[in-house]
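# Examining the three-dimensional arrangement
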Amino acid sequence: MAAKTAGDLKDPNPVWEVFKSVFKNLMVAKGPETDKYLNSISQMVTSFPQILVGSSTWPDSRAELAVRRNVFTAALVRRVVHVVVGRGLMKEPGGCLVVMEAIFKILIEQSPVRWAKLITTLVEFLMRLSVVAEQLYQIEDSLETAQEDVSHSLQGQDSFTVAEQGVACRIAEVQEEEDDMFNGDLNFLMLKDTEVVENVQVWLSRVIDTQMALLVQYASHLLDKVQGVLIRQLEMGEAVLKGVTMKVLGKLHKVWGLGTLEMWGEESMWVAGVVKLLINSEELDIVERNVIKEGLTALMKSVMANSDQEEEMVILSSHILPVWQEMVQTGQMDRLGHNLGQVLSNLVSRGMAVKKVMDDVDSVGLVRMVMDMQEPDMEVVAMIAWSEVEEAGMMESVVGERGGKRRLEGDLSNTRSMQLVSQAWRTILGYYDGKLSSLGCLVQLCKLLRGVLAKVVRSQFKGELEILDRNTFTQATESVVNLLCKREGEVSTVLECLDILVQVGHMWPGAAQFGSEIGSVQQVWAGVLSLAWLGRMEQGKMMDLRLGEKRDLLVRASKDLNWSKENQDKSLVLLASLPRDVCPKWRLGVCKLAWLDRREGLVIALPSLVSTLGSGAIMLGSEVVQFVVGRETEQNLVQALAEICSRYTCSLAKTVTTRLVMKEEENDICSTKLITACSLCDGWTGRMRTPAKGGRVASKDVEPFLKLIGHQDPVVRHRLVSMLGPWCKHSTMSPAAASLWLTCVSDSEDRVRVAFSSSLSYILGSKTDTLGGQDSVTTAVVTGLTDLSTSISSTILDTYISTLVTATNSNMELKSYCRLLDTLLELYFSPITTVTTYVRALPTLQSAMSTHKNHLVGWCAKAMCQNQYNPKQVINYLTLLCPTDMEPKEFISNNLHHLLPPVILYSVSTGNTSTRGSDSTLEMISTYMGQKSRTLLMFHFPSLFTHLIIYSEDQQHLARCLEFLQSRTSKDLAVMLPTNRQRVLVELLTMFNFSKSRITQALSMCAKADDMFKHPEKSKKDKKGLTLPAVAQYVAQGLMAVLSSFTTSLSHKETPHESKLQILNSLNDLITFLGHDNLVSSKYAILECIKLASSLIKESSEFEAVAINLWDSFIHSVSLSSLVEVLPQVLCGLLPLLDSSTEKTRELFKFLLEENLDNFQAQVPYLMFLPTLPQLEDIVGKVRGTEVEFKEVIRRLLHCMDHECVDVRLQTLNTLSGLMDNNMGSLQGLIVCSDRTDPVVTSMVQRLMAGLSLREPDKELRALSAVCLGKIGAIDPGKLEFVVDLGGSDEDIAYRNKVLDMFSVGFCVQLLQELVRAQASSRELFIAENCAFSIQEVMKVYEINLSSKSSDSFTWRVWRTLRDSTQEILTPLLSSMYKHESGTKPTLQSPIYESQNGRTYRDWLVNWSQHLLTMLYDPRTKALFDACLPALKKDVRIAEYMLPRLVVEVLSWGGEGEMQDIMAMKQ
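Small disclaimer: the values here were computed from a predicted structure and weren't measured.

## Here's the deal with the overall build of the protein chain
- Each helix and strand counted, the protein chain has 71 helices and 5 strands in total.
- Burial status across the protein chain gives 54% buried among its 1467 residues.
- The long-range share in the protein chain, meaning contacts at least 24 apart out of those at least 6 apart in sequence, stands at 73%.

As structure tokens, this is what we get:
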């Protein structure tokens, strides 16, 4: 990477020449002159970075420059180190640090590798210095007697002792690179003074400190070494080095953590040693003490902020806690100073929270020692007691338990008492017993309670806890009363103490219930808090306030009381937070008096008042709100109302409970407070067993707050936004109110706009009481936001876009969503706002690209066609919204079907008289695609035509679009249709449900233009189009192809649910539209689509409604006579819908089996397969009949086991299985009734055995056959009478012809029936379509043509032999256009069973059949077998049926080689 500075072009060699003299002068300079040279060096390095790193003009690719830069850098660092050594003891080498920072800055920006190398060198140098320091300490007293050999070579050594000269220490690795300008001199330091060594260590530590953040990113492998050497410095160093080292360790822990447990343990040990040094050493002067305190404070704070593992705190506390205990015992805590003492106490408190630390601590003794201190640390005392409470398991929540009067809210008061589980706490309370009359002891106790309450909040404890006993409560309360009445002590301090007591009382078990054990104390609290208004109450009118003996004292004190406004406000807030059963009438009266004074505290207390004092407080709250919102001059009241507006709304809904939380700003006594918290908005249920349901807040109660919108005070406007969530959850929002809130979008205060941006979703999810419903609110918001897009200023663009994003991500109707999306797109494609929109709205636009790609691409197409933006720029911006990186060409190729239709649609839209934009867009698309636009338009004509039909504005617009399309392709509809007929029909009929009238019109246009469709109406010159019956006939001609496409889309896993629902809804309407005459020829294909729709219910319940509607439409549209053959399939298809659509399904069963049973008499005996279900018992029971013999039931079921539909066979086996379970005695009677088993059993066994073979394609059916066979049990084969069909004597010649003559009528009929069976037996679409293709091709080979008029023709002889149901299935396939793309045919040798090509019976059968096909020579015979091959590969029965004929044909027409091949296989 090259340097980019003004001096980049300067040759570095002259600069290096200058440095040669600078280096010499630097080494001899002293005092201020040294700083002058160091500053000059720093400026030169910064001005000419090419002396350190390569630049574009002077790159490192020149080897001599790269070498010199390395050598120069090393020489410069060495000289800086020598300067540090020569600066004198305890002098700050600031210039040296500046030079190093300049070097590091350039290296990290231009050459991070060399930066890492340099920092590694310095870390290793620091490690060597720590070794040198240790050596010097060891030989400090024996240098005169040491006689070491001074002839050692300095080359390659780290450090060694030299007589009288100290220790030699290497600075850096000996440089291997040679340079004629800078050599490797000054690479060793001769050190004999430990203070000099420490001076260098201090400097190096500070250098490393400046690079600590970069060390984590680029050289994290060094951090363990850094921590290790710092720990050694902490062990060996003097005061200054210890202080600096601890600061660096604090920085290290901030960016890296505390290190390995082993290293952290060693560090903790030496940190504890430093604390001991600080309190025990008498040799440290003030400067040294301060340095150590600063370092130790920084380290302790860093540890507490960055330690997140319990083991780390256990290790540190095990070393620190004994030292802290010793300080407490000896009374030396003051030697640490206030700041360090506080930090150490916090650390000890945190350590005590870990149970392992407190295991061996005498908590009672420790508490006594702390309490005996002059200034006891209440945080530590509270932590000692709290650790015992946690260890006792009292913090485990038991909210929801019941257990008598004292346990109504789930707390067991006899176990949830801190005194019972904590000896330390009993000791503490005993210490204060009888001492609370003084303000000092009261404050001290409250500080202690402050720590306990903070622990309660942080532990998220919701239960009740007896923190103080009644005696302590009483003493503390009397102290508060006396202090306030006698005016001893500051009122604010005493009120803070009373605040603590009220909070502790809130935790007392049963304190919120009537008849609480501390009820008398709570009454006194209410009296004390009412002091400022007690004298103004009517004489003797204490209402429900019960003060007892304190009454007179409080009344006298109230007469000349003069509290500040702040104290009055504080007392009102506390008064409102008392439980609801504590003198509610009195408290409400006091609040009314306070409102006469317009007290701010009353406004703040409104949420608590409303939640505890009922309807009277609600009326007062309404009065307060109405007054404050109308008085903008009352600034304090308005701010207070804005602060509590959200909680006030929740209180009106009665969904709040009182919650203890931490204050935002803590003070000396109280760090927690009581607030109201909502179960819906805050998720706080408190001690309630179930969240309060609450009620709706009338809009009239919250709408007065709308007057504060746009208030002159930004604080008010910002706080007001916070009530949007509660408002929308508890009340209703009108469109007018929603529009008024939108003024926050353009607010001048940034924080107001940001807050509203994140809260807008509440408005869009709110309820409304207007006739327009929720959509009216959404419409108002969306309209307001979109209207602002043209007038929004650049200063508020960020928050405006964020607001749009929030709105777009909310749930709303599609129309509103698209309007917001259009606004975002306008901002995104506008050059002025592109970058801001990209930063703020990228995820939203990317999501829209995935979910609403059609709309997004359509908007872009419209913008391009209207010539608003450059087409290529639009495509480039669109690619940025894709989830993966994508080139424009790839994007257009993947989304051409989304892009082209709107381009044509908007090419001649209203107001767009020029086609220049659409032409340039088409040119851009064709350029990227590498095809002519005419070719692209012709290929995508089906989707283009359908899009124009649906989305054109009117008939005139449609005509203009079609004219534009015709002008660009030079082809009209009549020319385009023959090659696109099927695709056009599929596109149109898929959208049939979307717009029936337009699709019908388009189908009429196609029918009139299609020469293949013959109809009398086409000869008429009427331009209105064809009648609906004629259009239905046209659709019927191509319906099979359309249904095949529908089936493919429905079965494809990647097809979106929305697309599948669109297809099925269109199919439902299409069935009704076509009617019986046009459906009957395709009823089997329609039936398959409907079955597929029923199966989709497993994926999503969205398909339940459309599936039952499809069955209903089909059953009522097709004539009953046509339903006879498919009745079993229909009934089986309806059964899965019984659970989800019981009533509609029953109606269909009634229609078929009750109202029209006479039409199905031939099928009734064989409906035994229907299951016995409670929903159908009254219907199916009548069909089955009563008292039917078991044997007869079996016989009827056996008939259904041969059904061609796999669903019918499967349901039959299910019914048979259940029948066997319920009639096992009758079944065994048929088996053992005589020496010969009943023929019915024999037939059943035969069919079940056949169901076990691979000839049955369905796995589930094979498994069920095995289950049924197992239920029959073991049968003596000798008792079974198997009948072997030898072909029939009367048709012996005909049967032989079936084998020997493949083009006989008999063989053709059997083959077609087998293929039809295979198609109907498959549940997989791919296999069924393979079979359909084989049927289509087989009929072509046999030249089946129903237009033949000769009744003796081959076609009619075959056709008359086929069953009616088979004829119905075959008829559409006579004109179908299935195509099969066969893959590469492998060259197969004759497969041996269990070889590679015959591992299974299926593989062997299929592969041998394919091998034999290569031996056929007769073209017609080969064509027949080729036609069967797709079905043969998928259905074993087809393969078994065809193989004997194939062998005969090969033997008949083959030669000696073929004969040997077959005989080899036989052997």
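## Description of helix 24 (residues 551–559)
- All buried positions along helix 24 are accounted for by Leu-554, Val-555, Ala-557 and Ser-558. Taken around the axis of helix 24, the buried residues stretch over an arc of 165°, which confines them to a single face. Turned more than 90 degrees from where helix 24 packs its buried face, Asp-552, Arg-556 and Lys-559 sit exposed.
- Those residues of helix 24 hidden inside the fold are in contact with helix 20 (470–485), helix 22 (519–529) and helix 23 (531–534).

## Observations concerning the environment of Leu-277
- Relative to the helices and strands, Leu-277 is located in helix 10 (residues 261–280).
- Overall, the relative accessible area of 27% leaves Leu-277 in the partly exposed class.
- Residues Leu-277 and Ile-292 lie 15 residues apart in sequence; the distance between their C-alpha atoms is 9.6 Å.
- Not counting residues up to four positions away in its chain, the partners in contact with Leu-277 are Lys-242, Leu-284 and Ile-292.

## Examining the pattern of salt bridges
- Following the criterion strictly, the structure yields 31 salt bridges and no others.
- Between Arg-1437 and Glu-1314 there is a salt bridge, with the nearest N and O atoms lying 3.3 Å from each other. Taken together, the residues Arg-1437 in helix 70 (residues 1436–1453) and Glu-1314 in helix 64 (residues 1305–1321) connect sequence positions 123 residues apart.
- Arg-1437 gets classed as partly exposed once you look at its relative accessible area, which sits at 24%.
- Given a relative accessible area of 16%, Glu-1314 falls into the buried group.
- When salt bridges with common partners are traced through the structure, they connect Arg-78, Arg-79 and Asp-185 into a single cluster.

## Brief notes about the packing of aromatic side chains
- Applying the stated criterion to the full structure yields 26 aromatic pairs.
- For the ring pair Phe-23 and Phe-72, a centre distance of 5.9 Å and an interplane angle of 10° mean the geometry is stacked. Of the two residues, Phe-23 sits in helix 1 (residues 12–28) while Phe-72 sits in helix 3 (residues 63–86), which places them 49 residues apart along the sequence.
- Residue class for Phe-23 comes out buried when judged on its relative accessible area of 3%.

## With respect to the side chain of Ser-759
- Here Ser-759 is to be found in helix 34 (residues 750–764).
- For Ser-759, a relative accessible area of 11% corresponds to the buried category.
- Excluding anything up to four places from it in sequence, Ser-759 contacts Val-721 and Leu-724.

## As for the environment of Ile-904
- Secondary-structure assignment places Ile-904 in helix 42 (residues 896–905).
- Each C-alpha atom of the pair Ile-904 and Lys-862 lies 9.3 Å from the other, and the pair is 42 residues apart in sequence.
- With residues up to four places along the chain from it excluded, the contact list for Ile-904 reads Leu-922, Leu-937, Leu-944, Leu-948, Cys-961, Phe-964 and Leu-965.

## A few points about the nonpolar core
- By size, the foremost hydrophobic cluster in this structure holds 484 residues, and its most contacted members are Phe-19, Trp-425, Trp-741, Ile-763 and Leu-1152.
- Here the element with the most residues in this core is helix 5 (residues 112–139); it accounts for 12 residues.
- Contact partners of Trp-741, with chain neighbours within four places excluded, come to Leu-706, Ile-709, Leu-720, Val-721, Met-723, Leu-724, Trp-727, Met-733, Phe-756 and Ile-763.

## Re the environment of Arg-968
- Position of Arg-968 relative to the elements: it lies in helix 46 (residues 955–969).
- Separated by 49 residues in the primary sequence, Arg-968 and Asp-919 have C-alpha atoms spaced 9.5 Å apart.
- With near-sequence residues (within four places) excluded, Arg-968 lies in contact with Thr-915, Asp-919, Arg-934 and Leu-937.
- Looking at Arg-968, its side chain comes within polar contact range of the side chain of Ser-967, at 2.8 Å.

## Some remarks on helix 6 (residues 194–210)
- Under the 1.5 Å per step criterion, the end-to-end length of helix 6 is 24 Å for 17 residues, consistent within 8% with the ideal 24 Å.
- For helix 6, a buried count of 13 out of 17 residues is recorded, marking the element as mostly surrounded by other parts of the structure.
- For helix 6, the capping residue at the N-terminal end is Asp-193, with a side-chain oxygen 2.9 Å from the backbone nitrogen of Glu-195.

## Re a negative patch on the surface
- A surface patch of like charges, here negative, comprises Glu-1143, Glu-1147, Glu-1154 and Glu-1155.
- Relative to the helices and strands, Glu-1143 is located in helix 56 (residues 1142–1155).
- Assessed through its relative accessible area of 56%, Glu-1143 is described here as exposed.

## As for the confidence of the model for the protein chain
- Looking at the protein chain as a whole, its pLDDT mean stands at 82, while 88% of the residues score no less than 70.
- The low-confidence segment residues 1284–1296 (pLDDT under 50) makes 2 contacts with residues lying over four places distant or belonging to another chain.

## A look at a nonpolar patch on the surface
- A contiguous nonpolar patch, built from Val-835, Tyr-838, Val-839 and Leu-880 and spanning about 370 Å² of accessible area, is present on the exposed surface.
- Within the secondary structure, Val-835 sits in helix 38 (residues 834–851).
- What makes Val-835 exposed here is its relative accessible area of 60%.

## Brief notes about the packing of helix 45 (residues 941–951) against helix 46
- It is the contact of helix 45 with helix 46, at a shortest axis distance of 10 Å, that shows an interaxial angle of 160°. The angle between helix 45 and helix 46 falls in the class roughly antiparallel. At the point where helix 45 passes helix 46, the crossing takes the right-handed sense. Residues Phe-941, Leu-944, Phe-945, Leu-948 and Ile-949 of helix 45 pack against Leu-958, Cys-961, Leu-962 and Leu-965 of helix 46.
- Its residues placed into classes, the contact of helix 45 with helix 46 shows 9 nonpolar, no polar and no charged.

## Observations concerning unusual backbone geometry
- Even without a glycine there, the phi angle at Cys-583 is positive, about 35°.
- Inspection of the secondary structure assignment puts Cys-583 in the loop between helix 25 (565–576) and helix 26 (584–596).
- A positive phi angle is found at Ser-970, which is not glycine, with a value near 60°.
- Mapped onto the secondary structure, Ser-970 falls in the loop between helix 46 and helix 47 (973–990).

## A few points about the state of the cysteines
- Overall, the coordinates contain 0 disulfides when judged by the stated rule.
- Cys-961 supplies the cysteine sulfur nearest to Cys-865, a cysteine that is in no disulfide, at a spacing of 9.9 Å.
- Residue classification places Cys-865 among the buried positions, given a relative accessible area of 1%.

Criteria and thresholds
- Residues numbered from 1 in each chain as written.
- Predicted model: local features only at pLDDT ≥ 70, side-chain atom pairs only at ≥ 80, totals over all residues.
- Heavy atoms only, no water.
- Helix = DSSP H or I, 4+ residues; strand = E, 2+ residues; numbered from the N terminus.
- Buried < 20%, exposed > 50% of the residue type's maximum accessible area, 1.4 Å probe, protein only.
- Contact = heavy atoms within 4.5 Å.
- Arc of directions from axis to C-beta.
- Salt bridge = Lys/Arg side-chain N within 4 Å of Asp/Glu carboxyl O.
- Phe/Tyr/Trp six-rings, centres within 6.5 Å; stacked < 30°, edge-to-face > 60°.
- Core = buried A, V, L, I, M, F, W, Y, C linked by side-chain atoms within 4.5 Å.
- Polar contact = N/O pair within 3.5 Å; in protein donor to acceptor, adjacent residues only side chain to side chain.
- Expected span 1.5 Å × (residues − 1).
- Patch = residues over 30% accessible without salt bridge, like charges linked within 9 Å, V, L, I, M, F, W, Y side chains within 5 Å.
- Areas by Shrake-Rupley, 256 points an atom, 1.4 Å probe, with all protein chains shown as cover.
- Lys, Arg positive; Asp, Glu negative; His and termini not counted.
- Charge placed at Lys NZ, Arg CZ, Asp CG, Glu CD.
- pLDDT = per-residue confidence, 0-100.
- Axes fitted to C-alpha atoms, helices over the stretch in contact; angles between N-to-C directions.
- Parallel < 35°, antiparallel > 145°, perpendicular 65-115°, else oblique.
- Left-handed = near helix turned anticlockwise from the far one by under 90°.
- Nonpolar A, V, L, I, M, F, W, Y, C, P; charged D, E, K, R; others polar.
- Disulfide = S-S within 2.5 Å.

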